[in-house]
Amino acid sequence: QVRLLESGGGLVQAGGSLRLSCAISGHSFSSYPLGWFRQSPGKEREFVATINWSGSSTYFADSVKGRFTISRDNAKNTVDLQMNSLKTEDTAVYYCAAPYSTVVSGRDLDDYSYWGQGTQVTVAS
């Protein structure tokens, strides 16, 4: 059974940083892209970032580009999201996700079959 478990969320002041981690168990996703999404109250779940299988290629939503980085450790089956210069509009529940196939872009919600339970990030002004 595939399980994804996020950690590292919390309350931070605007301009601060947080690092989210996602531990994956039940299946090795070392050949798959991995992704992070977020969802704010009343809004659709939206793409944040994705990383390819080797970690050599990353892609970010325009809203977080230049502030967030994504990394992975295939030996540990983990994917992290480093969030810097946080803004109040970054407040959301953040989800890590793993796809159903190795040949997806990783940028679309529909690419993913496996989701964590989410971790709350609150950025105070």
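Placed above this text is the structure.
Residues numbered from 1 in each chain as written. Predicted model: local features only at pLDDT ≥ 70, side-chain atom pairs only at ≥ 80, totals over all residues. Heavy atoms only, no water.

Time to look at the state of the cysteines. By the definition in use, this model includes one disulfide. Between the sulfur atoms of C22 and its disulfide mate C96 the distance is 1.9 Å. On the S-S bond that ties C22 to C96, the torsion sits near 50 degrees, and the link is right-handed. In this pair, C22 sits in strand β3 (residues 18-25) while C96 sits in strand β9 (residues 92-99), placing the two residues 74 residues apart along the sequence. C96 gets classed as buried once you look at its relative accessible area, which sits at 0%. (Disulfide = S-S within 2.5 Å. Helix = DSSP H or I, 4+ residues; strand = E, 2+ residues; numbered from the N terminus. Buried < 20%, exposed > 50% of the residue type's maximum accessible area, 1.4 Å probe, protein only.)

Attention now moves to the packing of aromatic side chains. In this structure the tally under the stated criterion is seven aromatic pairs. Between F37 and W115, the ring centres sit 5.1 Å apart and the planes meet at 65 degrees, which makes this aromatic pair edge-to-face. Note that F37 is positioned in strand β4 (residues 34-39) and W115 in strand β10 (residues 112-115), a separation of 78 residues in sequence. Overall, the relative accessible area of 27% leaves W115 in the partly exposed class. Among the aromatic side chains, those forming a connected cluster through ring pairs are F37, F47, Y59, Y112 and W115. The ring centre of W115 lies 4.8 Å from the NZ or CZ of R45, which sits over that ring. (Phe/Tyr/Trp six-rings, centres within 6.5 Å; stacked < 30°, edge-to-face > 60°. Lys NZ or Arg CZ within 6 Å of the ring centre and 35° of its normal.)

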